[in-house]
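# Fold and contact review
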Amino acid sequence: MKVRKAVIPAAGLGTRFLPATKAMPKEMVPIVDKPTIQFIVEEAKKSGIEDILIVTGKNKRSIEDHFDANPELEQDLEEKGKTNLLHLTQSITNLGINLYFTRQPHPAGLGDAILRARSFVGDEPFAVMLGDDLMDDKVPLTKQLINRYNKTHASTIAVMPVPHEEVSKYGVIEPASEIEPGLINVKSFVEKPDIDKAPSDYAIIGRYLLTPEIFEILAHQKPGRGGEVQLTDAIDTMNKTQRVFAHVFNGERHDVGNKEGYLETSIEYGLSHPEIKDELRQYIIKMGAELEKEDKSKKKK
Ligand code: G1P
């Protein structure tokens, strides 16, 4: 069956970005000038997804507004002859993908958020795309997972090796064997293991291709790590009755869910943004030289 649907959980409180996220959804925090959730929706579009359900919560209405038309703004831009900005604004509404919204009333974990998509997804395979990671590769990561699914018809989870001391921040796989380059047969999936108990350094990185059987498992899933219903636990249960593979991502991952990753990504994306790349480059070179000088004089003291 063709993969047509994706679910984007966006109900998190965004506590890592307080105070910015007190009244603004973390998904609307921009990288240069584009909200992070727009990158995710664009990845879905490039992957051939037709319908997206965004699972939101309180204070998230601006996400919906962002993808809606804004006639007042458009009229103003038109009158002032700001054609480029007008087209840019309209292009977000005309992405050619259907967006649906539902709410998760209480933040009860990623597994619970995904369960909200049950009737939207129905009996089809679907993608789950988390907003904290931006993925760059020639073929979008969600498309890579779809390509795997088209051959195996099995759930497939994107993973990537991370430094060992960071494994406890992620869901981690216990690999069994590599079936073909980059496709791993998995023994078990563990949510945020203690560093000394982690079965490998392969972390789950926020893109999943799941078969619909996951919903029945999620419906009965007991809260796990952090007292929340964990998607990783449900995937581990599913792996006992049907094959679940891990797909190794070789592209570039930008973790925009923490302050440092967010700033680094902003700089990197800024360096290829047509409007600001030249000035930003000059600024960074100047700043780098100043910082180096500062560090050298500190060492001398
Ligand atoms: C979630 C998942 C975790 C995964 C991570 C990837 O955790 O529960 O398995 O490794 O996303 O970003 P969160 O970062 O929401 O705590």
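Along each chain, residue indices are assigned from 1 in the same order as the chain's sequence is written. For a predicted model such as this one, the threshold for reporting local features is a pLDDT of at least 70, and the threshold for listing and counting side-chain atom pairs is 80 or more; totals across whole chains, interfaces and linings nevertheless cover every residue. For the side-chain quantities, the full set of heavy atoms in the structure was used; hydrogens and water were omitted.

### Side note on the UniProt feature "domain: Nucleotidyl transferase" (unreviewed entry) in the protein chain
Heads up, the rule is: UniProt positions are given in the numbering used here, feature names are shortened, and annotations may be inferred rather than shown by experiment. Here a strand is any run of E in DSSP of at least two residues, a helix any run of H or I of at least four, and the numbering for each starts at the N terminus.
Residues annotated in UniProt with the feature "domain: Nucleotidyl transferase" (unreviewed entry) correspond here to residues 5-266. With 31% helix and 28% strand, the stretch residues 5-266 has end C-alpha atoms that lie 29 Å from each other.

### Observations regarding unusual backbone geometry
What you tend to see is this: most non-glycine residues have negative phi, and most peptide bonds are trans. Basically, it comes down to this: Here's how the labels work: a residue is buried when its accessible area is under 20% of the maximum for its type, exposed when over 50%, partly exposed in between, all with a 1.4 Å probe on protein chains only.
A cis amide bond, omega 5°, links Leu 18 with the succeeding residue Pro 19. Among the secondary structure elements, Pro 19 is positioned in the loop between strand S1 (5-9) and strand S2 (30-31). With a phi angle near 60°, Val 32 is a residue other than glycine that sits in the positive phi range. Here Val 32 is to be found in the loop between S2 and strand S3 (34-35). On the basis of relative accessibility, which here comes to 34%, the residue Val 32 falls in the partly exposed class. Despite not being glycine, Asn 59 has its phi angle at roughly 65°, a positive value. Here Asn 59 is to be found in the loop between strand S4 (51-56) and helix H2 (61-67). For Asn 59, a relative accessible area of 53% translates into the label exposed.

### With respect to the environment of Val 256
Secondary-structure assignment places Val 256 in the loop between strand S13 (252-255) and helix H10 (259-270). Using a relative accessible area of 6% as the deciding quantity, one classes Val 256 as buried. Each C-alpha atom, one on Val 256 and one on Glu 165, is 19 Å from the other, the two residues being 91 residues apart in sequence.

### Some details on the nonpolar core
Which entries qualify depends on this criterion: Joining through side-chain atoms within 4.5 Å is the link that ties buried Ala, Val, Leu, Ile, Met, Phe, Trp, Tyr and Cys residues into a set, and such a set is a nonpolar core. In what follows, residue pairs with any heavy atoms lying within 4.5 Å of each other are defined as contacts.
If you look at the biggest cluster of nonpolar residues, it comprises 37 residues, and the most contacted ones within it are Ile 8, Ile 37, Val 41, Ile 49 and Ile 52. Looking at this core element by element, the count peaks at five residues for helix H1 (residues 36-46). The residues contacting Ile 37, other than those within four sequence positions of it, are Ile 8, Ala 10, Glu 27, Met 28, Ile 54, Ile 63 and Phe 67. Phe 189, Phe 215, Val 244 and Val 248 belong to the second-largest nonpolar core, a separate cluster that totals 31 residues.

### Quick word on the pairing of strand S11 (residues 202-210)
Rules: Pairing between strands requires that DSSP locate at least two bridges from one strand to the other.
For S11, the tally of buried residues reaches eight of nine residues, placing the bulk of the element in the interior. In terms of strand pairing, strand S8 (residues 155-161) meets S11 through five bridges, oriented antiparallel. By the bridge assignment, Thr 156 is partnered in S11 with Leu 209.

### Quick look at the packing of helix H3 (residues 71-79) against helix H4 (residues 83-93)
We apply this condition: Note on definitions: angles span 0 to 180 degrees between N-to-C directions of axes, and those axes are lines fitted to C-alpha atoms, for helices only across the stretch in contact. Convention used here: angles under 35 degrees read as roughly parallel, angles over 145 as roughly antiparallel, angles from 65 to 115 as roughly perpendicular, and any remaining angle as oblique. Should the near helix be turned counterclockwise from the far one by less than a right angle, the crossing is left-handed, whereas a clockwise turn marks it as right-handed.
Taken N-terminus to C-terminus, the directions of H3 and H4 make an angle of 160°; their axes are 8 Å apart at the nearest point. It follows that H3 is roughly antiparallel to H4 by the angle criterion. Between H3 and H4 the crossing geometry is left-handed. The residues of H4 that touch H3, namely those facing Leu 73, Glu 74, Leu 77 and Glu 78, are Leu 85, Leu 86, Thr 89 and Gln 90.

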